Each structure stands twice: as structure tokens, then as C-alpha cells.
Amino acid sequence: MRVLPIPCLSDNYAYLVVCDATKTCSIVDPSTLADTESAIVAIMNEGLTLTEIWATHHHGDHVGGVADVMKRFDVRTVIGFANEERIPEMTTRLADGETRTLGTIAVRGMHVPGHTSGALAYFCEAPGALPCVFSGDTLFSAGCGRMFEGTPAQMHASLMRLAALPSETRVYSGHEYTASNLAFAQHLEPRNTDVTRALALALDKRTNGHATVPSKMADERATNPFLRAAEPTMRPALGLPASATDVEVFAAARAMKDTFRAR
Ligand SMILES: [Zn+2]
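Here we summarise the structure given alongside this text.

**Focus on the packing of aromatic side chains**
Link 1 in the chain: Overall, the coordinates contain 10 aromatic pairs when judged by the stated rule.
Link 2 in the chain: Aromatic pair Phe 134 and Tyr 172: ring centres 5.3 Å apart, planes at 20°, arrangement stacked. Residue Phe 134 is found in strand E10 (residues 132-136), and its partner Tyr 172 is found in strand E13 (residues 170-173); the two are separated by 38 residues along the sequence. This pair shows no difference in class: Phe 134 is buried, exactly as Tyr 172 is.
Link 3 in the chain: Between Phe 184 and Phe 226, the ring centres sit 6.0 Å apart and the planes meet at 15°, which makes this aromatic pair stacked. On the criterion of sequence distance, the pair formed by Phe 184 in helix H5 (residues 178-188) and Phe 226 in the loop between helix H7 (217-223) and helix H8 (234-237) is long-range, its members being 42 residues apart. Each member of the pair, Phe 184 as well as Phe 226, carries the same accessibility label: buried.
Link 4 in the chain: An aromatic cluster is built from Tyr 13, Tyr 15, Trp 54, Tyr 122, Phe 134 and Tyr 172, whose rings are joined through pairwise contacts.

Printed below as a string of C-alpha cells:
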């Protein structure tokens with residue numbers, strides 16, 4: 001299994017998920033044909049066939065290119081969450097916990113509502129490769145998406161499920177937001193040295209024009225404030241009493257992030 005990030009629009013990522021053993025690949029969240037075409041052509045020139053499109057959720061900056069990519073590359077299979085009705089090109093419904101294969105890659109759907117009600121993450125495992133997850137706009141590196149269609153309890157539960165994936169899981173999220181997310185994380189946890197280190201690394205990568213994806217799930221648990229509601233430092237940092245629930249801590253952190261501007 002190989003994963004190739006494709007920068008799209010201003011800060012989106014599409015991804016090519018490649019099974020070299022069977023010469024097949026899928027594309028996750030093609031924002032536009034224009035932004036993804038050259039990467040797809042390049043992979044086809046390696047003798048691979050693009051057989052599937054995987055949609056993490058219905059927002060236009062993730063599925064806007066689906067119809068054009070289908071037509072241009074004769075792709076017949078478009079996968080999304082089983083109960084999502086807002087992706088008209090969808091041909092294949094993947095339910096929570098349901099698995100399918102792309103060549104030698106085992107792909108498991110994870111319904112992760114909160115950013116949208118039909119958000120689906122794709123957890124992939126293949127022989128000889130590190131596991132990875134395509135988390136869309138649910139889990140970002142050091143952050144999480146806004147709750148457009150869910151409650152804090154739903155979003156928190158979705159994030160906790162993702163956080164429970166194996167430590168070595170590589171996290172491929174929908175946007176390049178890592179540096180600004182870590183600035184917020186540092187605001188909340190100024191003494192968290194993992195955050196300080198991660199922020200310096202992310203700024204260095206961005207300065208040199210490199211993507212910060214993927215991150216490791218173990219690092220997300222150590223740095224992502226939206227996975228850290230249970231940490232003892234979080235309640236005082238958010239002005240909450242010790243009796244506050246983890247969901248209340250998560251909700252307060254999300255509300256603070258909504259209006260946070262890095263200095
Ligand atoms: Zn979105």
C-alpha cells in the first residue's frame with residue numbers, strides 16, 4: 001500500500017491509495033478534476049488503474065470533482081457512507097464496520113458523525129504496510145472539524161473511536177491545518193512539550209513547502225486537544241470545574257477554537 005497526497009484548492013488534500021501488488025488504486029475526495037488529473041495520469045503511466053473513488057463526506061471541496069474524474073478516467077465505483085443521500089454519484093454504500101478490499105488492501109468503513117451526519121472514515125490495512133486512516137474533516141492533525149451537523153457528544157464519540165485505532169496508524173486528513181491547529185493546542189497546553197515540538201516541525205515543513213500529512217495516531221493522542229478531554233490540564237485551561245464531563249471539556253475546547261486567532 002502506498003498513499004500519495006494531492007494538494008487541492010487552497011488547503012484540501014485528495015489522496016491516491018495504491019495497491020502495487022494488483023496495480024489498482026482509488027482516489028479519496030477529489031476536489032476538482034483540474035487539481036487531481038495530473039497525479040492520476042502519472043499513476044496510470046506506472047501501469048495502474050484507477051478503479052474507485054472514496055468520499056469522506058458530501059461537502060463540495062471534497063466531492064466536487066467526482067463526476068468529472070469518473071468521466072475522464074472511466075471510474076465506475078464511488079463509495080460513501082451507507083445512509084448519505086447527498087452524493088449523487090455514489091454507487092456503493094459502506095456501512096459502519098463494513099469492510100471491502102482494494103487489491104490486497106482491507107478497507108473498513110467507520111461512521112464518524114459530527115462534522116456532517118454522513119461522515120465516513122476509511123481505515124486501511126495491507127500486508128507489509130503501516131495501517132492508515134482517511135479521516136476527512138472529522139479528525140485533523142492536532143485538530144478536528146467544525147460540528148456542522150452533530151452534537152458535541154457525537155463528535156467526541158467519533159474522535160474517540162478514531163483515537164482508539166492502533167498507535168502506528170497514519171492519519172490522512174482532509175485539510176492542511178496542522179500549524180494553526182497546533183498554535184491553538186499550545187495556547188491550551190503551554191507546557192505540553194509534544195505540542196511545542198510538533199508545532200516547530202509543522203512550521204518548518206510548511207516553510208519548506210512540504211505537507212504535514214500524514215501524522216501518527218500516537219502523536220495525535222499526545223498533541224490534539226480534541227482527543228485530550230480526559231487530561232487533567234484541560235479543565236483548568238478551559239475554566240471548567242473538575243466535575244465537568246469529557247464531552248463538556250471537548251465542547252468548550254471546540255467553542256474556543258471557533259473564535260481563536262493565533263497572535
Ligand atoms: Zn467538510
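Picking up where we left off.
**Section: the coordination of the zinc ion**
Link 1 in the chain: Within the first shell, the zinc ion binds the protein through His 57 (NE2), His 59 (ND1), His 115 (NE2) and Asp 137 (OD), at distances of 2.2 to 2.3 Å.
Link 2 in the chain: Geometry at the zinc ion is irregular, judged from its four donor atoms and the angles of 91 to 170° they form at the metal.
Link 3 in the chain: Of note, the donors binding the zinc ion are all from one chain and are spaced H-x1-H-x55-H-x21-D. The pair formed by His 57 and His 59 is uniform in burial state, with each residue classed as buried.

**Thoughts on the packing of H5 against helix H6 (residues 193-207)**
Link 1 in the chain: Running from N to C, H5 and H6 point in directions that differ by 155°, and their axes come no closer than 9 Å. When the axis of H5 is compared with that of H6, the two are roughly antiparallel. Handedness of the H5/H6 crossing: left-handed. Counted together, Thr 178, Ala 179, Leu 182, Ala 183, Ala 185 and Gln 186 of H5 and Val 195, Thr 196, Ala 198, Leu 199, Ala 202 and Leu 203 of H6 form the full contact between these two elements.
Link 2 in the chain: Counted by class, the contact of H5 with H6 contains nine nonpolar, three polar and no charged residues.

**Quick word on the sheet that holds strand E8 (residues 105-111)**
Link 1 in the chain: In spatial order, the strands read E7-E8-E9-E10-E13-E14; together these six strands make up an open sheet with mixed pairing. A single partner strand is all that each edge strand has here, and the edge strands are strand E7 (99-102) and strand E14 (215-216).
Link 2 in the chain: Sheet analysis places E8 next to strand E9 (residues 120-125), joined by six bridges and oriented antiparallel. Counted as the bridge partner of Met 110 is Ala 121 from E9.

**Regarding the sheet that holds strand E6 (residues 92-94)**
Link 1 in the chain: If you trace the six strands from one edge of the open sheet to the other, you get E1-E2-E3-E4-E5-E6, paired in mixed fashion. Bordering the open sheet on either side are strand E1 (2-8) and E6, each of which pairs with just one other strand. Averaged over all pairs of adjacent strands, the angle between their axes in this sheet comes to 25°, without regard to strand direction.
Link 2 in the chain: One ladder, built from five bridges, connects strand E2 (residues 12-19) with strand E3 (residues 24-28); its direction is antiparallel. Bridge pairing links Val 18 to Cys 25 in E3.

**What about the environment of Gly 64?**
Link 1 in the chain: Mapped onto the secondary structure, Gly 64 falls in the loop between helix H2 (60-63) and helix H3 (66-73).
Link 2 in the chain: Residues Gly 64 and Ile 87, spaced 23 residues apart in sequence, show a C-alpha to C-alpha distance of 9.6 Å.
Link 3 in the chain: With near-sequence residues (within four places) excluded, Gly 64 lies in contact with Pro 30 and Ser 31.

**Looking at the pairing of E1**
Link 1 in the chain: One ladder, built from seven bridges, connects E1 with E2; its direction is antiparallel. Counted as the bridge partner of Leu 4 is Leu 16 from E2.
Link 2 in the chain: With antiparallel pairing between neighbouring strands as the criterion, E1 and E2 make up a hairpin whose turn holds three residues, including Leu 9 at a positive phi of roughly 50°.

Each value, and the rule that gives it
Residues numbered from 1 in each chain as written. Predicted model: local features only at pLDDT ≥ 70, side-chain atom pairs only at ≥ 80, totals over all residues. Heavy atoms only, no water. Phe/Tyr/Trp six-rings, centres within 6.5 Å; stacked < 30°, edge-to-face > 60°. Helix = DSSP H or I, 4+ residues; strand = E, 2+ residues; numbered from the N terminus. Buried < 20%, exposed > 50% of the residue type's maximum accessible area, 1.4 Å probe, protein only. Donors = N, O, S within 2.8 Å, 3.2 Å for Na, K, Ca; no water. Tetrahedral: all angles 85-135°; square planar, octahedral: opposite > 155°, others 65-115°. Axes fitted to C-alpha atoms, helices over the stretch in contact; angles between N-to-C directions. Parallel < 35°, antiparallel > 145°, perpendicular 65-115°, else oblique. Left-handed = near helix turned anticlockwise from the far one by under 90°. Contact = heavy atoms within 4.5 Å. Nonpolar A, V, L, I, M, F, W, Y, C, P; charged D, E, K, R; others polar. Pairing = 2+ DSSP bridges.

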